Amino acid sequence: MIYAPAVASTPISFETEVPSVDEMAERIASTTVRFPWLVAELDGDVVGYAYAGPFNDRAAYRWSVATSVYVADAAQRRGVARMLYDALLPRVRTLGYVNAYAGIALPNEASVALHERFGFRRVAVFPAAGYKLGAWHDVGWWWLALVAPPPVAPRDVEPIDV
């Protein structure tokens, strides 16, 4: 399992109930209509995944995506997250998105280091944004310019099959 431990025992995810297998399948299906969702395998086992999704549902935000990456505990510090972002960010850029954002529950030195390695810059910290596991947690937002903003009015990004 990859996501369940993050939900059940860490503030990495602000969800408090582990989603069912069916719920996760629905999330993947609805995300991949427009965005990439990548999976990493090691020796036949799924050890991580990364995806992009809408940064916000309002139309003016359609040039921006939110990115997420999760890695199984047993595969931490083996380059899995880096490999996933090496594949994800070019795909998002190719789709025509201008900005990528990542929200990180703090403290999370590994996630901050990963995002900054890819050029994300911290742009905000929301103090005490969520309460989980008996404590308040800040949320930091990191931003990456994928391409220069286009000089024309925004257009809808064509969906791709992944």
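Residues numbered from 1 in each chain as written. Predicted model: local features only at pLDDT ≥ 70, side-chain atom pairs only at ≥ 80, totals over all residues. Heavy atoms only, no water.

Chemist: Is there a simple way to think about unusual backbone geometry in this case?
Modeler: One can expect most non-glycine residues to show negative phi and most peptide bonds to be in trans. In the segment running from Leu106 into Pro107, the intervening peptide bond is cis, with an omega of 0°. In this structure, Pro107 sits in the loop between strand E4 (99–106) and helix H4 (109–117). The phi torsion at Arg77 lies on the positive side, around 60°, for a residue other than glycine. Note on placement: Arg77 falls in the loop between strand E3 (64–71) and helix H3 (80–94). (Helix = DSSP H or I, 4+ residues; strand = E, 2+ residues; numbered from the N terminus.)

Chemist: What am I meant to see in the packing of aromatic side chains here?
Modeler: Each aromatic ring pair is summarised here by two numbers: the centre-to-centre distance and the angle between the ring planes. Scanning the model with the defined rule gives 12 aromatic pairs in all. Between the aromatic rings of Trp37 and Tyr51, the centroid separation amounts to 4.3 Å while the plane-to-plane angle is 10°, which identifies the pairing as stacked. In this pair, Trp37 is assigned in strand E1 (residues 37–42) and Tyr51 in strand E2 (residues 45–54), connecting sequence segments 14 residues apart. The buried category is assigned to Trp37, whose relative accessible area is 11%. On the basis of an interplanar angle of 90° and a centroid distance of 5.9 Å, the ring pair of Phe55 and Trp141 is categorised as edge-to-face. In this pair, Phe55 is assigned in the loop between E2 and E3 and Trp141 in strand E6 (residues 135–145), connecting sequence segments 86 residues apart. Taken together, the ring pairs connect Tyr3, Trp37, Tyr49, Tyr51 and Tyr70 into an aromatic cluster. Its end group placed over the ring of Phe118, Arg117 keeps NZ or CZ at 5.3 Å from the ring centre. (Phe/Tyr/Trp six-rings, centres within 6.5 Å; stacked < 30°, edge-to-face > 60°. Buried < 20%, exposed > 50% of the residue type's maximum accessible area, 1.4 Å probe, protein only. Lys NZ or Arg CZ within 6 Å of the ring centre and 35° of its normal.)

Chemist: I'm lost on the sheet that holds strand E5 (residues 121–132) in this one. Help?
Modeler: Whenever strands of a sheet pair, they do so through backbone hydrogen bonds, lying parallel or antiparallel. The strand order across the open sheet formed by 6 strands is E1-E2-E3-E4-E6-E5, and the pairing between neighbours is mixed. Across the chains shown, the open sheet's two edge strands, defined by having one partner strand only, are E1 and E5. Mean inter-strand twist for the sheet, computed between neighbouring axes without regard to direction, equals 25°. Relative to E6, E4 runs antiparallel, the two sharing 8 bridges. Its bridge partner lying in E6, Leu106 is registered against Asp138. Across the face of the sheet, helix H2 (residues 21–31) comes into contact with E1 and E2 while running at roughly 125° to E1. (Pairing = 2+ DSSP bridges. Axes fitted to C-alpha atoms, helices over the stretch in contact; angles between N-to-C directions. Contact = heavy atoms within 4.5 Å.)

Chemist: Even after reading the chapter, I still don't get the layout of surface pockets, so can you show me in this structure?
Modeler: To find leftover empty space, a probe the size of one water molecule is rolled over the atoms. In this structure, the largest pocket occupies an estimated 1300 Å³ of space. Lining the largest pocket are 50 residues, and of these Ile12, Ser68, Val69, Tyr70 and Ser111 sit closest to its centre. Counting residues per element, the ones that place at least two in the lining of the largest pocket are helix H1 (3–9), H2, E2, E3, H3, E4, H4 and E6. By residue class, the composition of the lining of the largest pocket is 30 nonpolar, 13 polar and 7 charged. A volume near 310 Å³ is recorded for the second largest pocket. (1 Å grid on protein atoms, 1.4 Å probe; cavity = no way out; pocket = protein on both sides within 12 Å on 5 of 7 lines; lining within 4 Å. Points joined across faces, edges and corners; volume = space filled by probe spheres on them. Nonpolar A, V, L, I, M, F, W, Y, C, P; charged D, E, K, R; others polar.)

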